[in-house]
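Now for the letters of each chain:
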Amino acid sequence: VVVCHGNSVERKIYIPLNQTAACVRLLNATHQVGCQSSSNGDTGVIHVVEEEQDLQWVLETGPNPPYMVVLDGNLFTKEIMEKLKGTSRLAGVAVTLSKTSPAAGFSPDHKCPNDGFGVYTSDHGSQYAHCNNMTWNPLGNELSYNDFQFPIFLLQDENETEVIKQCYRDHNLAQNGSSPEFPLCAMQLYSHMHAVTSTVTCMRRNSLQTSFSINPEVVCDRIIGFNVWSGLKPINSTDKMAPDEQMVVAATRMDSHSFFWNVAPAAEGTVSGFITLLAAAEALHKLNDSESLPRNIMFIFFQAESYDYIGSSRMVYDMEKGRFPFRMSNIHSFVELNQVALRNDSVLWIHSDPVSRNNETVNATVQQMVDTLVNAVNSSSIRVQEVDRSQPLPPASFQRFLKVRNIPGVVLTDHRNSYSNR
């Protein structure tokens, strides 16, 4: 018996990357956005881009395209990505973690988040539609809403990044002005997505696969999540609330969105409101006389709000269809915690809807809410102020409720005008 021992040829050739995050493809009713690789992944010669002038090798002069660009995180801008998007000499992009945050900040979202899905339309405050009077997210570059036909990954481990750069230095750097000689160091990125065109097309393909295939392949997944809600007083989920019974809604969201899937550092944008509302619910629950409050308080945590207010839209829909324990008419008032990550000497700002406040009854209740919030912090170190009443609401779940009914409500944020979160 002859026993042979040998090392895998693959292991001698390839070094797997374990700490990465991919840009994925997302669909809505009309478009596709995001990134994907070809069906077998894309392979290209590695070229490290640490300064903008390094792009010339990739875009024009390099003799061995296609190239796999290892891009410094500080160069991950819309302008540079547009240049890479416009060339056929590119196989993909691997973005390295920058050691310092961009000086100006960074947001791959729109300058007007969830534009077109809020309350401001031709029927309600048309002068505020499309953030005409206020650019809430001035750093937004809309990168997340581009359609890239090549894979883009985030390299999350500095050691793995250094291995790649060392391979590049050893094999791919031009010597004395001459082109590098083979063998060259290359990289393969795989993030193939079956989903294409739009949600409607993809879901139809899903149903065809299920109906006619012995081993159906899931073409696309829905963005699935659950809203979480509970009352300070018990709520019977099977019986509808009496028409004359009213409650206060205290709400926030529990999701965020970033360019790379599941890499969404949202401590200021999301977690601040999430934790604050949990703390408020716990504190109120511990009160001995909470059962004697004149109105119940409904705590709601909305899911998937980053994607066109999916969570709040579903709850509003269920209320209108009678599939929820209470109706829109049962809501006395609405308090939403938005971005509330207060810093030293910062102020908590109260926002309201100037259009619905033209109604005297709504305005009176909103004014009472504002006065109560301002007076409640007199003995604390927190400062609370109301923004100019002519200013529209920032992007908020409350807007989806206002689309159906003029509910008195306020949105609390750490910013008076545009986002302070960079």
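Residues numbered from 1 in each chain as written. Predicted model: local features only at pLDDT ≥ 70, side-chain atom pairs only at ≥ 80, totals over all residues. Heavy atoms only, no water.

- If you check an unreviewed UniProt entry, the protein chain appears there as Nicastrin from Hymenochirus boettgeri.
- UniProt, in its Sequence similarities (unreviewed entry) section for the protein chain, records the words "Belongs to the nicastrin family." (UniProt positions renumbered as here; feature names shortened; annotations may be inferred.)

## As for the state of the cysteines
No. 1: The full count for this structure, using the stated rule, is four disulfides.
No. 2: Between the sulfur of cysteine 23 and that of cysteine 35 lies a disulfide, 1.9 Å long from S to S. With the S-S bond torsion at 80 degrees, the cross-link from cysteine 23 to cysteine 35 turns out right-handed. One end of the pair, cysteine 23, is in the loop between strand S1 (20-22) and strand S2 (26-27); the other, cysteine 35, is in strand S3 (residues 32-35), and 12 residues separate them in sequence.
No. 3: Here cysteine 23 falls in the buried class, since its relative accessible area comes to 2%.
No. 4: The disulfide bridge from cysteine 167 ends at cysteine 185, spanning 1.8 Å between sulfur atoms. Here cysteine 167 and cysteine 185 share a disulfide; its torsion about the S-S bond, 110 degrees, makes the bridge right-handed. With cysteine 167 in helix H4 (residues 158-171) and cysteine 185 in the loop between H4 and strand S9 (186-189), this pair connects stretches of sequence that are 18 residues apart.
No. 5: Judged by relative accessible area, which is 9%, cysteine 185 ranks as buried.
No. 6: Listing the disulfide partners of the protein chain by sequence rank of the bonded cysteines yields 1-2, 3-4, 5-6, 7-8. (Disulfide = S-S within 2.5 Å. Helix = DSSP H or I, 4+ residues; strand = E, 2+ residues; numbered from the N terminus. Buried < 20%, exposed > 50% of the residue type's maximum accessible area, 1.4 Å probe, protein only.)

## Regarding the sheet that holds strand S8 (residues 152-155)
No. 1: Read across the sheet, six strands follow the order S1-S8-S6-S5-S4-S9 without closing on themselves; strand pairing throughout is mixed. Both outer strands of the open sheet, S1 and S9, are each paired with one neighbouring strand and no more. When the angles between neighbouring strand axes are averaged without regard to direction, this sheet yields 35 degrees.
No. 2: Where strand S4 (residues 42-49) lies against strand S5 (residues 67-71), five bridges are found, and the strand directions are parallel. From the neighbouring strand, valine 48 faces S5, where its bridge partner is valine 70. (Pairing = 2+ DSSP bridges. Axes fitted to C-alpha atoms, helices over the stretch in contact; angles between N-to-C directions.)

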